Amino acid sequence: MTTQDGQPLIHARGLVKRFGELVAVDAIDFDLQRGEAFGFLGPNGAGKTSTMRMIGCVSPVSEGTLRVFDLDPAEDGVEIRARLGVVPQEDSLDLELTVRENIIVYGRYFGLARSVLKQRADELLDFVELTERAKDRVEPLSGGMKRRLTIARSLVNEPEVLLLDEPTTGLDPQARHVVWDRLYRLKRQGVTLLLTTHYMDEAEQLCDRLVVMDKGKIVAEGSPRELIERYSTREVVELRFADDDGRPEDFSEWTDGLVSRVEPLPDRVLLYTDDGDAASHGLHERGLVPESILVRRSTLEDVFLHLTGRSLIE
Amino acid sequence: MSEVAAHTRLTPWPRSRPAGLLIVERNAMVYRRSWMILLSGFFEPLFYLTFFVYPLGDFIGGVTLGDETLEYAAFVGPALLAASAMNGAFYDATNVFWKLRYGKVYDAMLSTPISPGDVAVGETMWAVVRSLLYSAAFLNILLVLGLIESWWGLLILPACFVIGFGFAGAGIAAVTWMRNWQDFDLVQLVMLPMFLFATTFFPLSVYPEAIEWLVQALPLYHGIELIRALATGDVSAFQLVNVAYLGLMGIVGMKIASRRIDGLLLK
Amino acid sequence: MTDYALSLRPLEFFFAQYKRVWRGTIVSSVVTPIIYLTAFGFGLGTLVDRSADLPDGISYLEFVAPGLLAATAMQIASFEASWPVLSAIKWSRQYHAMLATPLRIVDIVLGHQGFIAFRMLMTATIYLGAIAAFGAVNSPLGLLAIPVTVLVGVAFAAPIAAWGAYTETDASFVAIFRFLIIPMFLFSGTFFPIDRLPGVLEVVAYATPLWHGVDLCRQLTLGDVHPASALVHVVYLLAFTGVGLALAFYSYRRRLLV
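Residues numbered from 1 in each chain as written. Chains lettered and ligands numbered in written order. Predicted model: local features only at pLDDT ≥ 70, side-chain atom pairs only at ≥ 80, totals over all residues. Heavy atoms only, no water.

Some words on the overall build of chain C
Rules: A run of DSSP states H or I qualifies as a helix once it reaches four residues; a run of E qualifies as a strand once it reaches two. Both are numbered from the N-terminal end. The globule rule used for comparison is 2.2 Å times the number of residues to the exponent 0.38, while the radius of gyration itself is calculated over C-alpha atoms. When accessible area is computed with a 1.4 Å probe and restricted to protein chains, residues below 20% of their type maximum are described as buried, those above 50% as exposed, and intermediate ones as partly exposed. Contacts are assigned to residue pairs that have any heavy atoms within 4.5 Å of one another. All accessibility values rest on the Shrake-Rupley procedure with a 1.4 Å probe; residue burial counts only the protein chains present in the view. Positive charges come from Lys and Arg, negative ones from Asp and Glu, while His and the chain ends are left out of the count. Lys charges are placed at NZ, Arg charges at CZ, Asp charges at CG and Glu charges at CD.
When helices and strands are tallied, chain C shows eleven helices and zero strands. In chain C, the succession of helices and strands from N to C terminus is α-α-α-α-α-α-α-α-α-α-α. Taking 258 residues into account, the globule formula puts the C-alpha radius of gyration at 18 Å, and chain C, at 19 Å, falls close to it. Counting only C-alpha atoms and orienting by the principal axes, one finds that chain C spans roughly 60 × 40 × 35 Å. The burial tally for chain C puts 53% of its 258 residues in the buried class. Considering only contacts within chain C whose residues lie at least 6 apart along the sequence, 78% involve residues at least 24 apart. Carbon and sulfur atoms make up 70% of the accessible area of chain C, which amounts to about 10,900 Å² in all. Averaging the positions of the 15 positive and the 14 negative side-chain charges in chain C gives two centres separated by 15 Å.

A few points about the interface of chain A and chain B
Selection criterion: Two parts placed together each lose some accessible area under a 1.4 Å probe, and adding up what both lose gives the buried area. The working definition used for a salt bridge is a side-chain nitrogen of Lys or Arg within 4 Å of a carboxyl oxygen of Asp or Glu. Whenever a nitrogen or oxygen atom comes within 3.5 Å of another N or O atom, the pair is scored as a polar contact, on the condition that within protein one atom can donate a hydrogen and the other can accept it, and that pairs from neighbouring residues in sequence are kept only if both atoms are in side chains.
Taken together, the 46 residues of chain A in the interface contact 36 residues of chain B. Note on chain A versus chain B: buried area summed over both sides is about 3,900 Å², and carbon and sulfur give 55% of it. It is Tyr109(A), Glu158(A) and Gln189(A) in chain A that bury the most area against chain B; as a group they hold 19% of the surface buried on that side. At the junction of chain A with chain B, the criterion picks out six salt bridges. Note that Arg108(A) and Glu25(B) form a salt bridge whose closest N and O atoms lie 2.6 Å from each other. Applying the counting criterion to the chain A and chain B interface returns ten residue pairs in polar contact (both at pLDDT 80 or more). Breaking the side of chain A that touches chain B down by element, the ones donating at least two residues are β1 (10-19), α2 (77-83), α3 (99-109) and α4 (114-127) of chain A.

Focus: the pattern of salt bridges
All names here are of chain A. Applying the stated criterion to the full structure yields 42 salt bridges over all chains. Linking Arg 67 and Asp 70 is a salt bridge whose minimum nitrogen-to-oxygen distance equals 3.5 Å. Since its relative accessible area comes to 29%, Arg 67 is described here as partly exposed. As a salt-bridge pair, Asp 122 and Arg 100 come within 2.8 Å of each other at their nearest N and O atoms. Of this pair, Asp 122 sits in helix α4 while Arg 100 sits in helix α3, placing them 22 residues apart in sequence.

What about unusual backbone geometry?
Positive phi, normally seen in glycine, also occurs at Cys57(A), with a value near 60°. With respect to the helices, strands and loops of the structure, Cys57(A) is situated in the loop between α1 (48-55) and β4 (63-68). Since its relative accessible area comes to 9%, Cys57(A) is described here as buried. With phi around 55°, Arg93(C) is a residue other than glycine that occupies positive phi space.

Here's the deal with the interface of chain C and chain B
When the parts of a complex come together, some accessible area is lost, and that lost area is often taken as the interface size. Residue-level contacts link 30 residues of chain C with 24 residues of chain B. Approximately 2,600 Å² of surface area, both sides summed, lies buried where chain C meets chain B, with 79% of it carried by carbon and sulfur atoms. Of all residues in chain C, the largest losses of buried area upon contact with chain B belong to Ile35(C), Leu47(C) and Arg178(C), amounting jointly to 22% of the total for that side. Across the contact surface, chain C and chain B share one salt bridge. Salt-bridge contacts for Arg196(C) lead to Asp58(B); the nearest nitrogen and oxygen are separated by 3.8 Å. Among the secondary structure elements, those contributing two or more residues to the side of chain C that touches chain B are α2 (22-51) and α8 (171-187) of chain C. It is α2(C) that provides the largest number of residues to the side of chain C that touches chain B, a total of 14 residues.

Things to note about the nonpolar core
Where a protein is soluble and globular, its nonpolar side chains tend to be buried together. Applied cut-off: What we call a nonpolar core is a set of buried Ala, Val, Leu, Ile, Met, Phe, Trp, Tyr and Cys residues that are connected through their side-chain atoms within 4.5 Å.
Of all hydrophobic cores here, the largest spans 227 residues; its most connected members are Tyr72(B), Leu44(C), Tyr60(C), Phe191(C) and Tyr252(C). For this core, the element with the most residues is helix α3 (residues 72-101) of chain B, which contributes 17 residues. Setting aside anything within four residues of it in sequence, one finds Tyr60(C) in contact with Leu56(B), Phe59(B), Phe40(C), Leu44(C), Gly45(C), Val48(C), Asp49(C), Leu54(C) and Phe191(C). In terms of nonpolar packing, the next biggest core, distinct from the first, is built from 28 residues, Ile10(A), Leu15(A), Cys57(A) and Val86(A) among them.

Some words on empty space enclosed by the protein
Under the convention used in this document: With a 1 Å grid spanning the protein atoms alone, the term cavity applies to any set of points in which a 1.4 Å probe fits but cannot get out, the term pocket to an open set with protein on both sides within 12 Å along at least five of seven lines, and the term lining residue to any residue with an atom within 4 Å of a point. Grid points are joined across faces, edges and corners, and a volume is the space filled by probe spheres set on the points. Put simply, Ala, Val, Leu, Ile, Met, Phe, Trp, Tyr, Cys and Pro go in the nonpolar bin, Asp, Glu, Lys and Arg in the charged bin, and everything else, Gly too, in the polar bin.
Scanning the model with the defined rule gives two cavities of 30 Å³ or more in all. Its volume calculated, the largest cavity comes out at about 60 Å³. Every residue lining the largest cavity is listed: Ser92(A), Asp94(A), Leu97(A), Glu101(A), Asn102(A), Val105(A), Tyr106(A), Tyr109(A), Arg153(A), Val105(B) and Ala108(B). At the level of secondary structure, the elements contributing two or more residues to the lining of the largest cavity comprise α3 of chain A together with α4 (105-110) of chain B. No other element matches α3(A), which puts five residues into the lining of the largest cavity. Class assignment of the residues belonging to the lining of the largest cavity gives a composition of six nonpolar, two polar and three charged.

Quick look at the side chain of Thr149(C)
Residue and element names in this part refer to chain C. You can see Thr 149 is positioned in helix α7 (residues 145-164). On the basis of relative accessibility, which here comes to 2%, the residue Thr 149 falls in the buried class. Every residue in contact with Thr 149, bar those within four places of it in the chain, is listed here: Leu 69, Ala 73, Met 120, Ala 124 and Cys 217.

A look at the environment of Leu142(B)
All names here are of chain B. Residue position: Leu 142 is located in helix α5 (residues 116-144). In this structure Leu 142 comes out as buried when scored by relative accessible area, which is 0%. In sequence terms Leu 142 and Pro 78 are 64 residues apart; their C-alpha atoms lie 7.8 Å from each other. Leave out the neighbours within four places in its chain, and Leu 142 touches Leu 49, Gly 77, Pro 78, Leu 81, Leu 147 and Ile 148.

Regarding the packing of aromatic side chains
Filter applied, for reference: The criterion for an aromatic pair is that two Phe, Tyr or Trp rings (for Trp, the six-membered ring) have centres within 6.5 Å, with stacked assigned to planes under 30 degrees apart, edge-to-face to planes over 60 apart and tilted to the rest. To sit over a ring, a charge needs its Lys NZ or Arg CZ within 6 Å of the ring centre and within 35 degrees of the ring normal.
Applying the stated criterion to the full structure yields 38 aromatic pairs over all chains. Ring geometry for Phe47(B) versus Phe179(C): centroids 6.4 Å apart, planes at 80°, classification edge-to-face. With Phe47(B) in helix α2 (residues 35-60) and Phe179(C) in helix α8, the pair connects residues from two separate chains. Residue class for Phe47(B) comes out partly exposed when judged on its relative accessible area of 23%. Residue Phe179(C) is classed as partly exposed on the basis of its relative accessible area of 32%. The ring of Tyr106(A) has Arg153(A) lying over it, and the distance from NZ or CZ to the ring centre is 4.3 Å.

Digging into a negative patch on the surface
Residue and element names in this part refer to chain A. In plain terms, the rule: Each patch is built from residues lacking any salt bridge and having more than 30% relative accessible area; the joining distance is 9 Å for like charges and 5 Å for nonpolar side chains (Val, Leu, Ile, Met, Phe, Trp, Tyr).
On the surface, Asp 243, Asp 244, Asp 245, Glu 249, Asp 250, Glu 253, Asp 256 and Glu 291 cluster together to form a negatively charged patch. Within the secondary structure, Asp 244 is located in the loop between β10 (235-240) and α9 (252-255). Under the relative-accessibility criterion, Asp 244 is labelled exposed at 65%.

Re the sheet that holds strand β3 (residues 37-41) of chain A
Residue and element names in this part refer to chain A. We count it as follows: Here, any two strands with at least 2 DSSP bridges between them count as paired. Axes here refer to lines fitted to C-alpha atoms; in helices the fit is confined to the stretch in contact. Angles between the N-to-C directions go from 0 to 180 degrees.
An order of β5-β6-β7-β3-β8-β9 is seen for the six strands of this open sheet, with the pairing classed as mixed. Only two strands of the sheet have a single partner each, and these edge strands are β5 (84-87) and β9 (217-222). Neighbour-to-neighbour, the strand axes of the sheet open up by a mean angle of 15°, direction not taken into account. Of the pairings in the sheet, the one linking β5 to strand β6 (residues 161-165) comprises four bridges and is parallel in character. Bridge pairing links Val 87 to Leu 164 in β6. Lying over the sheet, helix α11 (residues 300-308) contacts β3, β8 (209-214) and β9, oriented at roughly 40° with respect to β8.

A few points about the pairing of strand β2 (residues 68-71) of chain B
Within a regular strand, the side chains alternate between the two sheet faces. All names here are of chain B. As judged from the four bridges shared by strand β1 (residues 62-65) and β2, these two strands associate in the antiparallel manner. Across the sheet, residue Leu 65 finds its bridge partner in β2, namely Glu 68. Turn length for the β1-β2 hairpin, with the two strands adjacent in sequence and antiparallel, is two residues, and the turn residue Gly 66 shows positive phi of about 65°.

Points about the arrangement of the chains
The structure contains two pairs of chains in contact, of which chains A and B account for the largest number of contacts. What separates chain A from chain C at the closest point of their C-alpha atoms is a distance of 15 Å, and the two make no contact.

Structural notes on the sheet that holds β4(A)
Residue and element names in this part refer to chain A. Judged by pairing direction, the sheet is antiparallel, and its three strands sit side by side in the order β2-β1-β4 without closing on themselves. The strands lining the two open edges of the sheet, one partner per strand, are β2 (22-32) and β4. Each strand axis lies, on average, 25° off the axis of its neighbour in the sheet, ignoring direction.

What follows is the structure, given as structure tokens:
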């Protein structure tokens with residue numbers, strides 16, 4: 001039953017998900033290889049969660065091919081789910097049980113023995129730093145703790161692939177870093193990760209390879225570095241103006257020859273160039289004086305903006 | 001910290017065992033903390049009998065069934081036992097409504113090898129277990145009060161299982177159609193008259209003939225007939241009809257529930 | 001503006017809320033009495049009338065109907081004063097919204113109780129109509145059973161609201177219903193004269209406000225009023241209401257003004 005080496009763990013071709021008239025996932029192709037951390041980057045409503053649910057065998061495929069562990073989700077849902085770990089977008093913890101019981105009962109759903117689970121629950125709670133809360137109810141835990149518990153729970157069956165749907169959405173910055181740290185450790189241990197996110201920093205931190213999704217379609221694929229090189233410049237100059245009067249209608253006369261692309265946004269103007277300092281110097285010499293100038297590295301946000309004309313977080 | 005993930009080892013999944021049992025196990029774990037409810041399950045029937053049935057019986061005298069006159073408590077007691085088996089199963093099944101519409105417990109289960117069909121079977125089994133706990137408590141009290149008059153009484157607990165199963169299946173099927181809490185009022189509009197009219201407090205003979213067959217169509221009527229016959233020892237072949245009616249209701253209910261839960265959870 | 005007008009304002013909120021669900025409550029407040037009256041008046045009545053144990057040749061239907069009226073009032077009023085009160089404090093927090101306006105604690109308590117009284121008025125009117133349709137109201141005095149039913153409702157609603165504003169969780173409500181309301185429903189003279197109860201219990205039954213309501217309603221619909229005992233009933237119910245309201249003022253204040 002195991003996939004042979006070199007064969008992808010998850011394989012999708014022309015995968016479609018429809019809800020009535022709405023096409024949530026529109027003929028996407030991708031492969032997930034063993035040991036990699038693969039991400040779906042895109043805004044809300046891009047079709048990421050629908051894709052995850054199809055892989056998790058809780059949403060029937062409308063059209064196209066989907067193989068998970070070389071099995072068919074429609075036929076072998078039980079077998080597939082036994083080998084997956086799932087961290088859903090909204091925590092689905094059992095509020096009527098304690099922290100530790102959540103892991104044990106969840107493990108029982110996999111048919112694991114209680115004696116094995118007791119030890120495993122302690123290991124996992126230790127891993128996500130929740131040992132002190134083991135006997136507490138789930139309800140009063142903070143968002144970050146609940147998320148860590150959900151991650152611990154998803155690992156109870158020693159999954160071959162861990163599916164993470166928006167793993168840090170809704171968490172405060174500090175809690176996000178704790179979660180990232182734990183996921184990074186898993187990655188180092190060789191766990192195959194498949195995650196969705198609309199945070200470009202999350203994608204950059206965790207993903208070896210990612211696809212950019214928009215409106216149900218995959219618009220680009222590669223490593224974070226590759227995507228930035230391909231679809232953006234090395235640096236970006238951000239200009240802000242005190243008011244609309246000081247902001248030129250047409251930038252081309254100011255920026256011609258200085259930068260490779262201009263992206264005017266409502267609150268600021270982005271200038272794409274390989275040398276930000278040179279560009280801002282050039283602008284200054286031509287007499288354009290914005291309220292502030294910021295030179296920064298290109299990010300996946302810029303890639304997304306370039307590919308779709310929209311921002312990731314709206 | 002040892003490695004938390006081993007990416008080559010497979011999880012064993014014993015398919016031979018009914019996964020529904022795991023849901024029973026989960027519910028039992030939650031229920032452990034609410035032993036108070038179970039304790040009140042012991043006292044409530046005692047309450048009802050002393051505060052209501054006995055004084056009322058004093059007021060009414062006996063009830064004539066065929067050519068035999070029964071003490072009122074011996075007439076109502078077994079019926080209340082049947083009703084309690086029904087309520088225990090049916091109202092526990094309606095807890096599934098909350099889990100189905102607002103809770104996330106099933107979402108979590110479905111990311112494991114558990115399937116929607118297992119949820120329907122498991123919740124039905126659990127409702128039967130709870131109903132049996134109540135029934136056993138109630139039966140004890142009937143025994144202590146001397147309201148079980150026949151050795152057929154040994155079959156009362158298995159009969160309660162059949163009643164519990166029938167109403168658990170029906171209950172879980174019913175909740176899959178409920179959209180909000182107001183719908184529970186409608187459920188009440190069915191359950192209350194059934195409780196009052198299914199010969200719980202007075203015999204079938206009080207009804208005009210045309211209404212009699214209507215009452216005989218009520219599932220609770222069959223539960224009451226079954227328990228009453230076993231308690232009084234006046235057993236006939238009709239009790240097989242009672243068992244068939246309730247058993248069928250449970251099986252059909254569970255099948256419907258299984259299909260409907262599938263549609264509700266897998267979108 | 002008079003103080004009293006201020007207490008009417010919260011009513012508008014409860015009416016607005018009620019407008020969304022009144023259809024459902026109408027169905028149950030019409031259908032439920034018919035179910036009970038048929039089951040007990042006719043069904044059980046067949047057994048009781050056969051043993052002919054009732055005084056003055058009245059039928060069991062005539063006996064049980066006014067009892068059901070008062071008992072139903074108790075149940076609905078108790079419900080309306082439990083979960084909705086805690087909800088207005090904890091979940092929907094409507095009381096807090098009211099307190100942010102010129103309304104005082106007194107107005108909130110009286111406003112909510114006023115709404116419950118209004119619900120009682122509707123329920124009692126429908127129920128009494130059903131009883132009359134069943135031919136079980138023997139005297140025009142029966143009309144007075146409507147205000148008595150409202151009084152029974154508030155006598156329960158006021159102390160329960162006081163508890164609802166005191167308690168932290170809704171767990172105790174289930175216990176209140178299981179161990180107080182339902183037993184009272186069963187043994188406070190609704191279904192059989194309380195002298196049938198075992199000794200101690202009979203005394204307990206005399207102390208329950210429900211028995212006073214049941215007996216008063218019964219005297220009125222049967223047209224057989226004993227002025228002295230009727231007066232005792234009214235005073236007892238008023239006293240219960242008064243103490244309940246005082247407790248409610250106290251516990252609302254304690255909970256909301258912190």
